[in-house]
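The chain contents come next:
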Amino acid sequence: MSELLLVLVFASLASLTTSASDDYTGFVYAGCSQLKYTPGSPYQLNVESLLSSLASGATFSSYANYTSASVVASSPVYGLFQCRGDLSSSDCNSCVRFTLSQLSAFCPFTAGAAVQLNGCFLRYGNDSFVGKPDTGVLRKNCGPVAGGGGYNSDVLGMRDAALAGLASGFTGGSYRVGAAGSVQAMAQCVGDQSAKQCNDCVAAAVAQLKAACAFAVSGDAYLGKCYAKYWSNGVYHSDTNNHGNQVGKTLAIIIGLIAGVALIIIFVAFLRKAGNSGKD
């Protein structure tokens, strides 16, 4: 997933607060490979075939993975989608199709991409990532510190108890929920992970939360093949907001940074030219 980090860093810069009732199409993060394919190339046809399969699969399943090599067998494209465990079939289908409709805005002509929304996750690429574990941290966010400067011991204990239930695998399956007192927690693994891989991934996500969000009222940690989050008193604070607004802010940041880098390059070139002229 290292090739996706460039956009993931940019996407995490805009921080906003929302409630636990966020729409399932709320934006969480997106990542794009730096390698691009040529429009109209055989690889693009493989990508389009794969994405069509993902769209079809979402009409009857909450998870599926596919491999597309229908045009060029030597350049296969791998992909999968996953919906949050509590979504209805119709909402899952809508979430996946909405994600597919946004891919060209996030990652135009890229060889690989990953998009995480509140309710679903989609990834494709030219590397065979399906079935492999991945505990690399893609996004980590902590909510505000509790009033008074920190948790009291009771609330901290509730948080740790809720998270411990997720990591232990006691609740079973890839979609897990937990609660202790006023603290709720949730985790989910991508459907291609074994029970052990899922347990290991969720345990790693929980460890990230406990280390980074010691006194925060909420937090989330998204790893390569799972995520975990917790919140208090029915309110979840996250980096998610209205999808359209978030996309605009993310793209604006990317464009701004690219423009800044371009200006630096031009300025350095000018200085070098001026230095060479002085020597003459």
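Now for a description of the structure that goes with this document. Remember, predicted model here, so these are calculated numbers, not experimental data. (Residues numbered from 1 in each chain as written. Predicted model: local features only at pLDDT ≥ 70, side-chain atom pairs only at ≥ 80, totals over all residues. Heavy atoms only, no water.)

**Quick notes on the overall build of the protein**
A count of helical and extended segments in the protein gives 6 helices and 10 strands. For the protein, with 280 residues in total, the buried portion stands at 46%. Counted over contacts in the protein with a minimum sequence separation of 6, partners at least 24 positions apart contribute 70%. By element, 60% of the accessible surface of the protein is carried by carbon and sulfur atoms, the whole surface being about 12600 Å². (Helix = DSSP H or I, 4+ residues; strand = E, 2+ residues; numbered from the N terminus. Buried < 20%, exposed > 50% of the residue type's maximum accessible area, 1.4 Å probe, protein only. Contact = heavy atoms within 4.5 Å. Areas by Shrake-Rupley, 256 points an atom, 1.4 Å probe, with all protein chains shown as cover.)

**Points about the packing of helix H2 (residues 42–57) against helix H3 (residues 89–106)**
Two elements in contact, H2 and H3, have axes separated by 9 Å at closest approach and are oriented at 160°. Here H2 lies roughly antiparallel to H3, going by the angle between them. Considering only the axes of H2 and H3, their crossing is left-handed. Of the residues in H3, those in contact with Leu51, Leu54, Ala55 and Ser56 of H2 are Asn93, Val96, Arg97, Leu100 and Leu103. Of the residues belonging to the contact of H2 with H3, the class tally is 6 nonpolar, 2 polar and 1 charged. (Axes fitted to C-alpha atoms, helices over the stretch in contact; angles between N-to-C directions. Parallel < 35°, antiparallel > 145°, perpendicular 65-115°, else oblique. Left-handed = near helix turned anticlockwise from the far one by under 90°. Nonpolar A, V, L, I, M, F, W, Y, C, P; charged D, E, K, R; others polar.)

**Concerning the pairing of strand E1 (residues 27–32)**
Of all 6 residues in E1, 6 are buried, a share of seventy percent or more. Sheet topology places E1 next to strand E4 (residues 113–117); 5 bridges connect them, and they run antiparallel. By the bridge assignment for E4, glycine 31 is matched with alanine 114. (Pairing = 2+ DSSP bridges.)

**A closer look at the state of the cysteines**
Here, the word disulfide means a covalent bond between the sulfur atoms of two cysteines. The full count for this structure, using the stated rule, is 6 disulfides. Across a sulfur-sulfur distance of 1.9 Å, cysteine 32 and cysteine 107 are joined as a disulfide pair. A torsion of -70° about the S-S bond marks the disulfide between cysteine 32 and cysteine 107 as left-handed. In this pair, cysteine 32 is assigned in strand E1 and cysteine 107 in the loop between H3 and E4, connecting sequence segments 75 residues apart. With respect to burial, cysteine 32 and cysteine 107 carry one shared label: buried. Two residues share a disulfide in this structure: cysteine 189 and cysteine 198, whose sulfurs sit 2.1 Å from each other. Judged by the torsion about the S-S bond (85°), the cysteine 189/cysteine 198 disulfide is right-handed. Just as cysteine 189 is buried, cysteine 198 falls in that class too. (Disulfide = S-S within 2.5 Å.)

Shape is all these values report; function is a separate question.
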